[in-house]
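The chain contents come next:
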Protein chains: 2
Amino acid sequence: MKRTILFSSDLDDPEAWAQAVAARRPELALTEWNDIADPASVEFALMWKPPACGLSRFPNLKGIQSLGAGINQLNLADLPAGVPLARLVDSSLTETMVDYAVAATYRHFRAFDRYERDTRARLWDYVPAPVKAQFPVGVMGIGVLGGAVARQLRDLGFPVAGWGRTKREIEGVRCFAGTGELPDFLAACRLIVNVLALTPETTGILSAGTFDLMRTGSFVVNIGRGAHLVETDLIAAIEGGRIAGATLDVFSEEPLPPESPIYRRPEILVTPHVAGGISPLTAAETVIENYDRALRGEAMVNAVDLARGY
Amino acid sequence: MKRTILFSSDLDDPEAWAQAVAARRPELALTEWNDIADPASVEFALMWKPPACGLSRFPNLKGIQSLGAGINQLNLADLPAGVPLARLVDSSLTETMVDYAVAATYRHFRAFDRYERDTRARLWDYVPAPVKAQFPVGVMGIGVLGGAVARQLRDLGFPVAGWGRTKREIEGVRCFAGTGELPDFLAACRLIVNVLALTPETTGILSAGTFDLMRTGSFVVNIGRGAHLVETDLIAAIEGGRIAGATLDVFSEEPLPPESPIYRRPEILVTPHVAGGISPLTAAETVIENYDRALRGEAMVNAVDLARGY
């Protein structure tokens, strides 16, 4: 007999998830809330946000698997009390984040940001192709994810610097640590990629004080969190010429509202929080593991501490 | 005593070339035509196009070194009869072409082309990040340059196919050859990068018949020659939905005139023939070698057969 997992997401492909799960465990059926005949049969939910009907309608829920690595999209107060919740961490997330960092770095390195504007203005304005030796890239945050970004850019031939709270060693990457070394790190880069975790210390780190320490004509890529960036400071730094362009994936408010001044700066590319993506093909393994654990009443992989909120 | 090399280019940096040449041979001075006191002293020219005064004013010219890998920018009939001409081939050219191919591939792979349009329209429209396994890339032309492009994209994790006139073997790349295998090659790709040489057989190869064999929603990158592409066919293929976007570096007419319909398709990025760049730092070696050969009356490296025209 089929067992039902509640599936709820506007951002993920239900078919792709259903197939990836069924390929491993044919008895598991992913079903959206309005197709579920007996709500009492639902013991597990795989979701980005709760369904329109809410979760209280499913009295036997034993576990909730978020479809994101974070849980910022969820209002914890809306979740049924006592039901464990897990974040979803998967190798495909690192891979897609690294891909995005490569795409954004090459966009600025090869002046595609500028040529996008020139094309729309029907302007043909040649600038000689740069060499990588003159385009050092800095990665802010060099843990698992940032380390992977730094190594990939290093392998592609860019001079790479890394900066984090604590000193790290990455072969072929010049590593800086702490507030004291931040100015030297920033002065060494033409482009920074932010992948820091959001903490009280890193909130607002991409602000006027930081931009002032960068070289004139530098670039900013943000795939960390929206709250790392002071958006008005970035706009001012672009208007002042210090920053030449930016590729931003995360924002103080998402979706970024149409009235945001960010959209009005032609030097900024907005992507709608797409840098990191989780592929059902690999992540279904973790989801099934957590399904089994939740039904046995065991702690899930990457369980959220609901008291701490992360 | 200094010896004078005539330098003529609107696209290359005279200072960077003068320094790179002088670093190896301090007695060689690169000079622009209006700074040359004695035209009879000029025995060698390093140029993109002839200077405004023409070349007939330099009676002792023994060799001309093009600043490009091609000589299409030159009208051979305008060059002084009997003076040998050489193309400039350098490792930095391959490197910058590969970089451009990577930049353009990631631009389409990560939907930056689409998000550029969405940003200007203040639109937030999420699409899940793709996986490389579902984004096979095809390289048209798999000689020295195309082979380097194919290997780099393969190393970055894309499934890569290659197509050329003759069968080649590249590890990890599915190679196709000849007109007979072109349909299978095209059907296998989501994006094609053209780096073919321009011959009568390849002129106009990027045309309606080719686009019709590609999957719906495919992408085209042209870093070969403008004459490979039938521009009106590309526009029609985009309007018909077969081609989702293009990144073009070369055009039937350069600079691409402002009235070109190419500029009016928001799915197309125009770059002003910047894909391949030659760095004076490495290429000065070849220029000096050819200077020596020309003055000794020997055949230059990559000499052009003026009878054949290439």
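Residues numbered from 1 in each chain as written. Chains lettered and ligands numbered in written order. Predicted model: local features only at pLDDT ≥ 70, side-chain atom pairs only at ≥ 80, totals over all residues. Heavy atoms only, no water.

(A) Quick look at helix α3 (residues 112-120) of chain A. Within the sequence span of α3(A), burial applies to A:F112, A:D113, A:Y115, A:E116, A:D118 and A:T119. Where α3(A) terminates, the next one or two residues include A:R122, which has phi positive at roughly 55 degrees. (Buried < 20%, exposed > 50% of the residue type's maximum accessible area, 1.4 Å probe, protein only. Helix = DSSP H or I, 4+ residues; strand = E, 2+ residues; numbered from the N terminus.)

(B) Local environment of the interface of chain B and chain A. Taken together, the contacts link 50 residues of chain B with 50 residues of chain A. At the boundary of chain B with chain A, total buried surface from both sides reaches about 4600 Å², with 65% on carbon and sulfur atoms. Of all residues in chain B, B:F112, B:R122 and B:W124 give up the largest surface area on contact with chain A, accounting jointly for 19% of the area buried on that side. Taking the shortest distance from any N to any O, the salt bridge between A:K132 and B:D99 comes out at 2.8 Å. Counting across the interface, chain B meets chain A through 20 residue pairs in polar contact (both at pLDDT 80 or more). For the side of chain B that touches chain A, the elements supplying multiple residues, two or more each, are α2 (91-109), α3 (112-120) and β12 (268-270) of chain B. The dominant element in the side of chain B that touches chain A, judged by the number of residues it contributes, is α2(B), at nine residues. (Contact = heavy atoms within 4.5 Å. Buried area = accessible area lost by both parts, 1.4 Å probe. Salt bridge = Lys/Arg side-chain N within 4 Å of Asp/Glu carboxyl O. Polar contact = N/O pair within 3.5 Å; in protein donor to acceptor, adjacent residues only side chain to side chain.)

(C) Representation of the relation of the copies chain B and chain A. For the pair chain B and chain A, the best superposition has an RMSD of 0.5 Å and corresponds to a rotation of 178 degrees with a translation of 0.1 Å parallel to the axis. Both copies are brought into coincidence by an operation consistent with a two-fold rotation axis. Measuring from the rotation axis to each C-alpha of chain B, the shortest distance belongs to B:A103, at 3.2 Å. (Least-squares fit on C-alpha atoms with pLDDT ≥ 70 in both.)

(D) A look at the pattern of salt bridges. Applying the stated criterion to the full structure yields 30 salt bridges over all chains. Close ionic contact of B:R25 with B:D292 constitutes a salt bridge, the shortest N to O distance being 2.9 Å. One end of the pair, B:R25, is in the loop between α1 (14-24) and β2 (28-31); the other, B:D292, is in helix α8 (residues 280-296), with 267 residues separating them in the sequence. The exposure class assigned to B:R25 is partly exposed, which follows from its relative accessible area of 22%. Three or more residues joined by partner-sharing salt bridges are found here, namely A:R3, A:E43 and A:K62.

(E) Local environment of α2(B). All names here are of chain B. Between its first and last C-alpha atoms α2 spans 27 Å; for 19 residues at 1.5 Å apiece the expected length is 27 Å, and the two agree. When you tally the buried positions in α2, you get 16 out of 19 residues, the bulk of the element. A111, located one to two residues past α2, shows a positive phi value of around 60 degrees. (Expected span 1.5 Å × (residues − 1).)

(F) Region of the structure containing the nonpolar core. With 112 residues, the main nonpolar core has A:W17, A:F158, B:W17 and B:F158 as its most contacted residues. In this structure, A:F158 is in contact with A:T105, A:Y106, A:F109, A:K132, A:F135, A:V137 and A:L153, ignoring residues within four places of it in sequence. (Core = buried A, V, L, I, M, F, W, Y, C linked by side-chain atoms within 4.5 Å.)

(G) Inspection of the sheet that holds strand β5 (residues 85-86) of chain B at higher detail. Residue and element names in this part refer to chain B. Pairing is parallel across the open sheet formed by five strands, whose spatial order is β2-β1-β3-β4-β5. Where the open sheet ends on each side, the last strands, each with one partner, are β2 and β5. Helix-sheet contacts for α8 involve β1 (3-8), β2, β3 (44-47), β4 (63-66) and β5, and the interaxial angle to β3 is about 150 degrees. (Pairing = 2+ DSSP bridges. Axes fitted to C-alpha atoms, helices over the stretch in contact; angles between N-to-C directions.)

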